[in-house]
Number of protein chains: 2
Amino acid sequence: MSILVVGSVALDTVETPFARAEETLGGAASYFTTAASLYSQVNLVAVVGSDFPQEHLEFWRKRPVNLAGLQMCEGRTFRWMARYHMDMNARDTLDTQLGVYAGFHPVIPDEYRSSDLLFLANIQPELQMEVLEQAHTARLTVLDTMELWIVTAHAQLTEVIKRVDILLMSEEEVRQYTGRASLVSGVRHLFDLGLKYVVVKQGSYGALLFSADGSFFSAPTYPLEEVIDPTGAGDAFAGGFLGYLSTVKPGASGQYSVEDLRRGVVHGNIIGSFVCEDFSIGRLRVLTMDDVAERYRVLVECSHFDPHWHFGG
Amino acid sequence: MSILVVGSVALDTVETPFARAEETLGGAASYFTTAASLYSQVNLVAVVGSDFPQEHLEFWRKRPVNLAGLQMCEGRTFRWMARYHMDMNARDTLDTQLGVYAGFHPVIPDEYRSSDLLFLANIQPELQMEVLEQAHTARLTVLDTMELWIVTAHAQLTEVIKRVDILLMSEEEVRQYTGRASLVSGVRHLFDLGLKYVVVKQGSYGALLFSADGSFFSAPTYPLEEVIDPTGAGDAFAGGFLGYLSTVKPGASGQYSVEDLRRGVVHGNIIGSFVCEDFSIGRLRVLTMDDVAERYRVLVECSHFDPHWHFGG
C-alpha cells in the first residue's frame, strides 16, 4: 500500500556536544520519506527552493518515492539550526528560516489520491487541514505536531486532531496540549476528541501506545552505544510505524489489530534508533531490512521476561 | 532467605506541585525495609533519635522486620526536606539535617550475620565499607548510592563498587560517575570494576538491567494515573528487587540466573510504582502480594509483542 506524506523538507545545521553538520538534508518529511520508503511507496508533498541540492532528489528517485507533489519554487529552501545539550534528549532551536514554506499550500496530485495511508508530518495545522480535505479516502490517518502549534494554533490543531485516527505526541506535548500533569489523564482527554490510538514518544526511553479501549503498550528501545544526532528520530519513528503498517493487510473490518499496531510501534522505535547513529539521513541511506529484522530480534530478546512467577522461581 | 539492609531512617517533609506532607517516615532504609518485608525477613541497621515516633517501630514490629540493629540515640532523627518540579522526575533538596547520623557507625548484630542478601542503601561509602567488612558471608551484595557521594567520595565509592555484585544507579549517576555521555559506554566502564550486573534506574521510564556478559533487559513500567510523591521509589525498587530474589533458590552454582534477575527487576518496578501512589510508605503499608501479582500480570500484557513478524502481518 502507498503512503502519502505532507511536511517539511529542509536544510539543517546541527551542533551536538561532539560534532557539527552543516546544511544537511533535514525536515520531517525527508526523514519520514526515507524511512517509510524502505517498506512501501511514499508519495511526497512538500516544497523546496531553487537552492535545493539535486543529489537529494536523485537519492529519492532511486527509491519507491513519488516526487510529483514536491513543489520547486524560486527562493530559499527552509533552513533550521539547532544545538543539542549534553543530554541529547534536549536541544535549543537557534534559527528557523521558513524560505519557500512561507507561502506554501499543499497540492495533492491526482495520482496520489489513492494513497492508503496518510501521514501529516509536523507543519501548520491549517495546512494539515487542507491536506485532509484533499485526501479523505485514506484508510488510516496519522498526525504529528510540535510545541509551536500547541501554543500558537491550539484551536486549529484541535480541529485536525478530531479528524485523524492516530496522534503522535511527545510526553511534554501531551502535558502542554491537555494542561494535565498526569500523562495517563492527558491521554484520556485526547481520546475524548475521537482518536483511536495515541502514541506517546519518549525520546531515548521509547514509546507508549494507548488505545481508545483503555489498553496500552510499552515498547522497548534499543540502547545505542553512541548517539551522533537525534534529529529526525520522531519522524523516522513515524516512517517505521506507518511503513510497517503499509505492509499489513487490515482485517475484514478494514481496521488494524492492536497486535499490528504494537509491531508498528516496535518498527518505529527501531528506525528511530537507527537514525540517531549518524547526522541527517546518513544511516537510513544504507539501512537494509535485514538490519531492521536483526534489531527487532534483539528488542524481543531484551524485553521478554517470564510471564509467570511464583515464590521460589 | 533474610535480607540485611543498612541505610537511613528519616523524617521527610515533601512538597509536590499539588500537596505537602510534613515529618513523615522517610529514608532509604525505611522504604526498602517496608517493601522487602512483603517478601522475606529484613534485618535493619540504622539509627534514629529520641524524637522518632514509636508508631513507626510498632508498624515494623508487626512485619518480619528485625530491629535489633536499629540504634536509638539521644538527639534528633535525620531530617530531609525536598520540593518536586511539575515534572516529578526532578526535585530540589531544600534542607538536610543529619542529626544522629552525624556520628553513626553501623554495627551488625550477631543474629544478622547469617543474612543471605545484603543491601547497602544510600549512605556514605565509608559506612558501606564498614558493613561489607562485618557481613562478608552474604551470597548477594547490592549497592545503591547518590550524586553527593559520586562528587565528594568518588575514590571510596569505587572501592565499595569493587566489592559488590550488583550496582543500582540512575542514568544521570552513571554519566556523572563514569564521565561518559553514552550510557552503554558508561555501563561497560562499570563492569571493568568487577560487577556482575548493573541496574540503571530511569525514574518513571523504568529500569535497564545490564549483565557483565553483554546482555541487557529493558523492563516496562506501569504508567500511573496520578503520581502523589515519587520519594523512595528507587529504594522501594530495591526492596522489590531483593525481596523477590530472596524468595528464589539460586542454582547449583549458587548464582541467580538472568531470568531470576529479570523477574526481580520487574518486581522492583512494580513496588517502585506503588510507592508513588501516596506520600511516605502510605501505599506500601496496605500493599498485598495479590496487588503485586495483578500489576505483574498487567506489565506482561502491556510489554508483550509478537516475537515474529513478516510483511503482511
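Notes on the structure in this doc start here.

We now examine the overall build of chain A. Within chain A, the secondary structure is distributed over 11 helices and 13 strands. In summary, chain A has a C-alpha radius of gyration of 19 Å against a globular reference of 20 Å for 313 residues, a match within 12%. Across the 313 residues that make up chain A, the buried fraction comes to 51%. Within chain A, counting contacts between residues at least 6 apart in sequence, those at least 24 apart form 67% of the total.

Here helix 9 (residues 258–275) of chain A contains 18 residues, and its C-alpha end-to-end distance of 26 Å stays within 8% of the 26 Å for a straight helix at 1.5 Å per residue. Buried residues dominate helix 9 of chain A, accounting for 16 of its 18 residues.

Our next topic: the packing of helix 8 (residues 233–246) of chain A against helix 9 of chain A. Residue and element names in this part refer to chain A. Packing of helix 8 against helix 9 brings their axes to within 7 Å, and their N-to-C directions diverge by 140°. One finds that helix 8 runs oblique with respect to helix 9. Crossing of helix 8 over helix 9 shows right-handed handedness. Taking contact as the criterion, the partners of Ala-233, Gly-234, Ala-236, Phe-237, Ala-238, Gly-239, Gly-240, Phe-241, Gly-243, Tyr-244 and Leu-245 in helix 8 are, on helix 9, Asp-260, Arg-263, Gly-264, Val-265, His-267, Gly-268, Asn-269, Ile-270, Ile-271, Gly-272 and Val-275. Of the residues assigned to the contact of helix 8 with helix 9, the class counts are 11 nonpolar, nine polar and two charged.

For the rest of this paragraph, the subject is the environment of Val-142 of chain A. Residues and elements named next belong to chain A. Structurally, the position occupied by Val-142 is in strand 9 (residues 140–143). By C-beta crowding, Val-142 is classed as buried, having 24 other C-beta atoms within 10 Å. Sequence-distant contacts of Val-142, defined by excluding residues within four places in its chain, comprise Leu-118, Phe-119, Val-164, Asp-165, Ile-166, Leu-168, Ala-238 and Leu-242.

Ranked by internal contacts, the top residues of the largest apolar core, which has 201 residues, are Val-5, Phe-119 and Leu-209 of chain A together with Val-5 and Phe-119 of chain B. If we ignore the near neighbours within four places in the chain, the residues touching Val-5 of chain B are Ala-29, Phe-32, Thr-33, Val-42, Leu-44, Val-45, Phe-119 and Ala-121 of chain B.

So, about unusual backbone geometry. Residue and element names in this part refer to chain A. A positive phi is found at Glu-23, a non-glycine position, where the angle reads about 55°. The class of Glu-23 is partly exposed, set by 15 C-beta atoms lying within 10 Å. Look at Ser-280: it is not a glycine, yet its phi comes out positive at around 50°. Relative to the helices and strands, Ser-280 resides in the loop between helix 9 and helix 10 (282–286). On the basis of neighbour count, Ser-280 is assigned to the buried category, with 24 C-beta atoms found within 10 Å.

Here we take up the pairing of strand 10 (residues 166–170) of chain A. Residue and element names in this part refer to chain A. The element strand 10 is extensively covered by neighbouring structure, given that four of its five residues are classed as buried. Pairing analysis gives two bridges linking strand 9 to strand 10, with the strands arranged parallel. Among the inter-strand pairings, Val-142 is bridged to a residue of strand 10, identified as Ile-166.

This brings us to the sheet that holds strand 1 (residues 3–6) of chain A. All names here are of chain A. Read from one edge of the open sheet, nine strands run 5-4-1-8-9-10-11-12-13, paired in mixed fashion. For this open sheet the edge positions go to strand 5 (65–72) and strand 13 (216–219), each flanked by a neighbour on one side alone. Neighbour to neighbour, the strand axes of the sheet diverge by 15° on average, direction disregarded. Sheet analysis places strand 1 next to strand 4 (residues 42–48), joined by four bridges and oriented parallel. The residue of strand 4 that forms the bridge with Ile-3 is Val-42. Sitting on the sheet, helix 8 touches strand 1, strand 8 (117–120), strand 9, strand 10, strand 11 (197–201) and strand 12 (207–211), and the angle it makes with strand 8 is about 170°.

As a further point, take the relation of the copies chain B and chain A. Overlaying chain B on chain A yields an RMSD of 0.0 Å, the required transformation being a rotation through 180° with an accompanying axial translation of 0.0 Å. Those values place the two copies in the arrangement expected of a two-fold rotation axis. Judged by C-alpha distance, Tyr-205 of chain B is the residue of chain B that lies nearest the rotation axis, at 3.2 Å. Of the residues that chain B buries at the interface, 100% are likewise interface residues in chain A, meaning the two copies contact each other through the same surface.

How big an interface is tends to be stated in terms of the accessible area lost upon association of its parts. Listed per partner, the contact involves 37 residues of chain B and 37 residues of chain A. Breaking the side of chain B that touches chain A down by element, the ones donating at least two residues are helix 7 (183–191), strand 13 (216–219), helix 9 (258–275) and helix 11 (289–303) of chain B. In terms of residue class, the side of chain B that touches chain A is built from 21 nonpolar, nine polar and seven charged.

Another point: the sheet that holds strand 2 (residues 10–15) of chain A. Residue and element names in this part refer to chain A. Within the open sheet, the four strands sit side by side as 3-2-6-7. Their pairing is mixed. Sheet topology places strand 3 (20–26) and strand 7 (91–97) at the edges, where each strand pairs with a single neighbour. When the angles between neighbouring strand axes are averaged without regard to direction, this sheet yields 20°. As defined by bridge partners, strand 6 (residues 78–84) adjoins strand 7 across six bridges and the pair is classed as antiparallel. What sits directly across from Trp-80, in strand 7, is Thr-96.

So, on to the pairing of strand 2 (residues 10–15) of chain B. All names here are of chain B. Alignment of strand 2 against strand 3 (residues 20–26), held across five bridges, turns out to be antiparallel. Considered in strand 3, the bridge of Val-14 is made with Ala-21. Counting the residues that bridge the hairpin from strand 2 to strand 3 gives four residues. Taken together, the six bridges between strand 2 and strand 6 (residues 78–84) define a ladder with parallel strand orientation. Across the sheet, the residue bridging to Leu-11 is Arg-79, located in strand 6.

About the criteria used
Residues numbered from 1 in each chain as written. Chains lettered and ligands numbered in written order. Predicted model: local features only at pLDDT ≥ 70, side-chain atom pairs only at ≥ 80, totals over all residues. Helix = DSSP H or I, 4+ residues; strand = E, 2+ residues; numbered from the N terminus. Rg over C-alpha atoms; globule rule 2.2 N^0.38 Å. Buried ≥ 20, exposed ≤ 12 C-beta atoms within 10 Å, placed from the backbone. Contact = placed C-beta atoms within 7 Å. Expected span 1.5 Å × (residues − 1). Axes fitted to C-alpha atoms, helices over the stretch in contact; angles between N-to-C directions. Parallel < 35°, antiparallel > 145°, perpendicular 65-115°, else oblique. Left-handed = near helix turned anticlockwise from the far one by under 90°. Nonpolar A, V, L, I, M, F, W, Y, C, P; charged D, E, K, R; others polar. Core = buried A, V, L, I, M, F, W, Y, C linked by C-beta atoms within 7 Å. Pairing = 2+ DSSP bridges. Least-squares fit on C-alpha atoms with pLDDT ≥ 70 in both.

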